[in-house]
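# A structural walkthrough
Listed below are the residues making up each chain.
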Amino acid sequence: MSKIIIAIDGPAASGKSTAAKFLAEKLGFTYLDTGAMYRAITYLAIEKDITDNQNAVIDLVRNLKINLRFENGITKVFIDGKEVTDFIRSKDVNASVSKISKIPEVRSELVKIQQKIANNGSIVAEGRDTTTVVFPNADVKIYLTAKEDVRANRRLNEYLKDNIEISFEEVKNNLHERDKIDSSREVSPLTKSKEAIELDTTGISVEEELEKILEIIDKVVKEKKNYHQVN
Ligand code: DC
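This structure is a prediction, so every number in the text was calculated from the model and none was measured. (Residues numbered from 1 in each chain as written. Predicted model: local features only at pLDDT ≥ 70, side-chain atom pairs only at ≥ 80, totals over all residues. Heavy atoms only, no water.)

## What to know about the site of the ligand
Around the ligand sit 15 residues in total, of which Arg39, Arg107, Asp129, Arg178 and Asp182 are the nearest. In the environment of the ligand, a nitrogen atom lies 3.0 Å from a nitrogen or oxygen atom belonging to the side chain of Thr34. One of the side-chain nitrogen or oxygen atoms of Asp182 is found 2.8 Å away from an oxygen atom of the ligand. Summarising the interface, the protein chains cover 97% of the accessible area of the ligand, which totals 450 Å² for the free molecule. (Near = heavy atom within 4 Å. Polar contact = N/O pair within 3.5 Å; in protein donor to acceptor, adjacent residues only side chain to side chain. Areas by Shrake-Rupley, 256 points an atom, 1.4 Å probe, with all protein chains shown as cover.)

So, in structure tokens, the structure goes:
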């Protein structure tokens, strides 16, 4: 296998980013944070005050010049050359991103960009539809989950680290709402594809999570090699 695609899906704060970044660095693969793209277009729509105007959002995404650069552990996002990294994880973006991500044309445009990035070499992609729609032929598919309270706590700690004031209840409600919209939308809903290996990270440490993921990858890649040798 010359080029490898690892795809990781799962609900909000299930540990996808931590796992995907770790794997990309360890394996020397490109890290593709598809959520950052949906966040960037949402940020732009908020800036332009067009979140309720689907046609204007579609226009925006069709003319989008977006660049992702993974540096020092974070995905830097640039739109038309202007860095927006600091704005895309705000509470406002969190509150509107699922609504924008539901628009089919937004999805098809961003999926095209994501697939193009994978043409350049091996990647680790994370999102809601990377194992199902973006990379249906991914070599390794992982579906991460964790109990809602555990995920809300993780997200709360991230906010606190960034000195953002927010209550546990508010974080949990936002997570719950996003998961509901992301899982029930008509186009590319968050679902576990049948080939994906599910890993529940409730009650396990980050180190254990990463160890288990490496085991999964090792096993799948070895199985694929054997399969290719036999056939
Ligand atoms: O992974 P994240 O929290 O940064 O994603 C933010 C939102 O973007 C998520 O609530 C739904 C949307 N999203 C999506 O619809 N499809 C993806 N592949 C990635 C994210």
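## A look at the packing of helix α3 (residues 54-62) against helix α5 (residues 104-118)
Across the interface, α3 lies against α5 with an axial gap of 9 Å and an inter-helix angle of 5 degrees. One way to sum up the angle between α3 and α5 is to call them roughly parallel. Contacts from Val57, Ile58, Val61 and Arg62 in α3 reach Glu105, Val106, Glu109 and Leu110 in α5. Among the residues forming the contact of α3 with α5, the class breakdown is five nonpolar, no polar and three charged. (Axes fitted to C-alpha atoms, helices over the stretch in contact; angles between N-to-C directions. Helix = DSSP H or I, 4+ residues; strand = E, 2+ residues; numbered from the N terminus. Parallel < 35°, antiparallel > 145°, perpendicular 65-115°, else oblique. Contact = heavy atoms within 4.5 Å. Nonpolar A, V, L, I, M, F, W, Y, C, P; charged D, E, K, R; others polar.)

## A few points about the nonpolar core
Formed by 35 residues in total, the largest nonpolar core has its most connected members in Ile41, Leu64, Val106, Leu110 and Phe135. Every element with two or more residues in this core is listed here: β1 (5-9), α2 (34-47), α3, β4 (74-79), α4 (91-101), α5 and β6 (123-127). Broken down by element, this core gets its largest block of residues, eight residues, from α2. The contact partners of Phe135, leaving out residues within four places of it in the chain, are Ile5, Leu32, Gln114, Gln115, Ala118, Ile123, Ala125, Thr130 and Lys141. Core analysis: the second largest hydrophobic core is formed by 20 residues, Ile6, Ala19, Leu23 and Val221 among them. (Core = buried A, V, L, I, M, F, W, Y, C linked by side-chain atoms within 4.5 Å. Buried < 20%, exposed > 50% of the residue type's maximum accessible area, 1.4 Å probe, protein only.)

## What about the sheet that holds β6?
Taken in spatial order, the five strands line up as β2-β6-β1-β7-β8 in an open sheet, and their pairing is parallel. The outermost strands of the open sheet, each flanked by one partner alone, are β2 (30-33) and β8 (197-200). Each strand axis lies, on average, 20 degrees off the axis of its neighbour in the sheet, ignoring direction. When β2 meets β6, the two strands line up parallel, connected through four bridges. Note on β6: the bridge partner recorded for Asp33 is Glu126. Strand contacts of α2: β2 and β6, with the helix running at about 45 degrees to β2, the strand carrying the most contacts. Contacting β1, β2 and β6, α5 crosses the sheet at an angle of about 170 degrees to β2. (Pairing = 2+ DSSP bridges.)

## With respect to the packing of α2 against α4
Viewed as axis vectors pointing N to C, α2 and α4 meet at an angle of 105 degrees, and their least axial separation amounts to 9 Å. Taken as axis vectors, α2 and α4 run roughly perpendicular relative to one another. On α4, the residues touching Tyr38, Arg39, Ile41, Thr42, Tyr43, Ala45 and Ile46 of α2 are Asp92, Val93, Asn94, Ser96, Val97, Ile100 and Ser101.

## Considerations on the packing of aromatic side chains
Going through the model one piece at a time under the given rule, you end up with two aromatic pairs. Measuring from ring centre to ring centre gives 4.8 Å for Tyr31 and Phe70, while their planes differ by 65 degrees; the resulting arrangement is edge-to-face. Residue Tyr31 is found in strand β2, and its partner Phe70 is found in strand β3 (residues 66-71); the two are separated by 39 residues along the sequence. Consider the rings of Tyr43 and Phe87, whose centres lie 5.3 Å apart with planes at 10 degrees: the pair is stacked. Of the two residues, Tyr43 is situated in helix α2 and Phe87 in the loop between β5 (82-83) and α4; the sequence distance between them amounts to 44 residues. (Phe/Tyr/Trp six-rings, centres within 6.5 Å; stacked < 30°, edge-to-face > 60°.)

## Thoughts on unusual backbone geometry
Residues other than glycine seldom take positive phi values, yet Asn72 does so here, at roughly 45 degrees. Residue position: Asn72 is located in the loop between β3 and β4. Look at Asn163: it is not a glycine, yet its phi comes out positive at around 60 degrees. Judged by its relative accessible area of 69%, Asn163 falls in the exposed class.

## Notes on a negative patch on the surface
A grouping of Glu207, Glu208, Glu211 and Glu215 is seen on the molecular surface, where their side chains present a negatively charged patch. Mapped onto the elements, Glu211 comes out in helix α9 (residues 206-230). (Patch = residues over 30% accessible without salt bridge, like charges linked within 9 Å, V, L, I, M, F, W, Y side chains within 5 Å. Salt bridge = Lys/Arg side-chain N within 4 Å of Asp/Glu carboxyl O. Lys, Arg positive; Asp, Glu negative; His and termini not counted. Charge placed at Lys NZ, Arg CZ, Asp CG, Glu CD.)

## Here's the deal with the sheet that holds β4
Read across the sheet, three strands follow the order β3-β4-β5 without closing on themselves; strand pairing throughout is antiparallel. The open sheet terminates on both sides in strands that have one partner only, identified here as β3 and β5. Looking at chain direction, β4 and β5 are connected through two bridges and run antiparallel. The partner of Ile79 across the bridge, within β5, is Lys82.

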